[in-house]
Amino acid sequence: MSEPDLSSQLVTIVLSEFNSVKSEIQSRSKAQSSLISLNMSAIAALGGFFFSEHGGDSRILLLIPIVSSVLGMVYMDHAVSIGYMGRFIQHEIKPQLANLGNMPEVLDYEVFARRFEQNRKFRLLLFALPLLLIFCGIPISALILAFFIQKTWTDVMFWAPAMLGVLLTAVFLWFWYRMVAGKLWESFPRSEEHT
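Residues numbered from 1 in each chain as written. Predicted model: local features only at pLDDT ≥ 70, side-chain atom pairs only at ≥ 80, totals over all residues. Heavy atoms only, no water.

Peer 1: Just to check I follow, could you spell out the nonpolar core for this structure?
Peer 2: Side chains of nonpolar character tend, in soluble globular proteins, to be buried together. With 13 residues, the main nonpolar core has Tyr 75, Met 76, Leu 131, Phe 135, Phe 172, Trp 176 and Met 179 as its most contacted residues. Taken together, the elements giving at least two residues each to this core come down to helix H2 (58–100), helix H4 (120–149) and helix H5 (156–180). (Core = buried A, V, L, I, M, F, W, Y, C linked by side-chain atoms within 4.5 Å. Buried < 20%, exposed > 50% of the residue type's maximum accessible area, 1.4 Å probe, protein only. Helix = DSSP H or I, 4+ residues; strand = E, 2+ residues; numbered from the N terminus.)

This is the structure:
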């Protein structure tokens, strides 16, 4: 096989990998949007049931932090995976394409995306705070309300879900902080030639 044919096949393989990773990013982004919608629907349904004339049981409110925290952690899993995939494109795929095309570099959106991540104030305002409110703020409010209206303090059926809700909310908050601080991507593996 001639060198141009081999080079052409390698470009095809790298572009195929690029398209596959981009498709996965798109799929995970759609899943994130669905998770936000699902979370808001669950909060509305549980809150609506609690405030309805048939509700009023404080234990219903304890379901909100459990559901929201779990959905929030799945959302973050998607966010971290998307971040890793973007870095894979930036540090592995694009340099390979540039190398195969004998070019110094290839147009790379991921470089722009990393610059956006550096703007902490903008990122905090548009990305981090809404996530905190949706997956942590509302659940903490539900926990506080449940504690205030709790009638008996010896009810295991109250304390078990309450402690689970507090624990899951704390875990979500820890992951949220690590994501906002950029600590979740610190361990991104890079090949020796691109570090």
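Peer 1: Can you walk me through H2 in this structure?
Peer 2: Taking 1.5 Å as the rise per residue, H2 with 43 residues should run 63 Å; its terminal C-alpha atoms sit 63 Å apart, in good agreement. Of all bends in H2, the biggest is about 35°, found at Ile 89. Counting buried positions along H2 yields 31 of 43 residues, so the element is predominantly enclosed. Positioned one or two residues after H2, Asn 102 has a phi angle of 55°, which is positive. (Expected span 1.5 Å × (residues − 1). Bend = angle between axes of the 7 residues up to and from the residue.)

Peer 1: Would you explain the packing of aromatic side chains in this entry?
Peer 2: Any aromatic ring pair is given by two values, namely how distant the centres are and how the planes are angled relative to each other. Evaluated as defined, the whole model comprises seven aromatic pairs. Seen in terms of ring centroids, Phe 158 and Trp 159 are 5.3 Å apart; in terms of plane orientation they differ by 90°. Their pairing is edge-to-face. With a relative accessible area of 27%, Trp 159 lands in the partly exposed category. The rings of Tyr 75, Phe 135 and Phe 172 are connected pair by pair, giving a single aromatic cluster. (Phe/Tyr/Trp six-rings, centres within 6.5 Å; stacked < 30°, edge-to-face > 60°.)

Peer 1: Please clarify how the pattern of salt bridges should be interpreted in this entry.
Peer 2: Any two side chains of opposite charge can pair, so long as their charged atoms come close to each other. Tallied over the entire structure, the rule returns four salt bridges. Residues Asp 77 and Arg 28 are paired through a salt bridge, measuring 3.8 Å at the closest nitrogen-oxygen approach. Pair noted here: Asp 77 is in helix H2 and Arg 28 is in helix H1 (residues 3–51), with a separation of 49 residues, a long-range link. If you follow the salt bridges from partner to partner, you end up with Glu 24, Arg 28 and Asp 77 in one network. (Salt bridge = Lys/Arg side-chain N within 4 Å of Asp/Glu carboxyl O.)

Peer 1: When you look at H5 in this model, what are you seeing that I'm missing?
Peer 2: Side chains that are three or four residues apart share a direction in an α-helix, a result of its 3.6 residues per turn. Its 25 residues place the ends of H5 36 Å apart at the C-alpha level, agreeing with the 36 Å of an ideal helix rising 1.5 Å per residue. What H5 keeps buried is the set Phe 158, Pro 161, Ala 162, Gly 165, Leu 168, Thr 169, Phe 172, Trp 176 and Met 179. On its buried face, H5 sits against H2 and H4. Measuring from the side-chain oxygen of the N-cap residue of H5 to the backbone nitrogen of Met 157 gives 2.9 Å; that N-cap residue is Asp 155. Count one or two residues on from H5 and you reach Gly 182, which has phi positive near 80°. (Contact = heavy atoms within 4.5 Å. Polar contact = N/O pair within 3.5 Å; in protein donor to acceptor, adjacent residues only side chain to side chain.)

Peer 1: Help me understand the side chain of His 78, please; the structure alone is not making it clear to me.
Peer 2: As for its placement among the helices and strands, His 78 is situated in helix H2. A polar contact is formed between the side chain of His 78 and the side chain of Arg 28, at a distance of 3.0 Å. When residues no more than four places from it in sequence are discounted, the contact partners of His 78 are Arg 28, Ala 31, Gln 32 and Leu 35.

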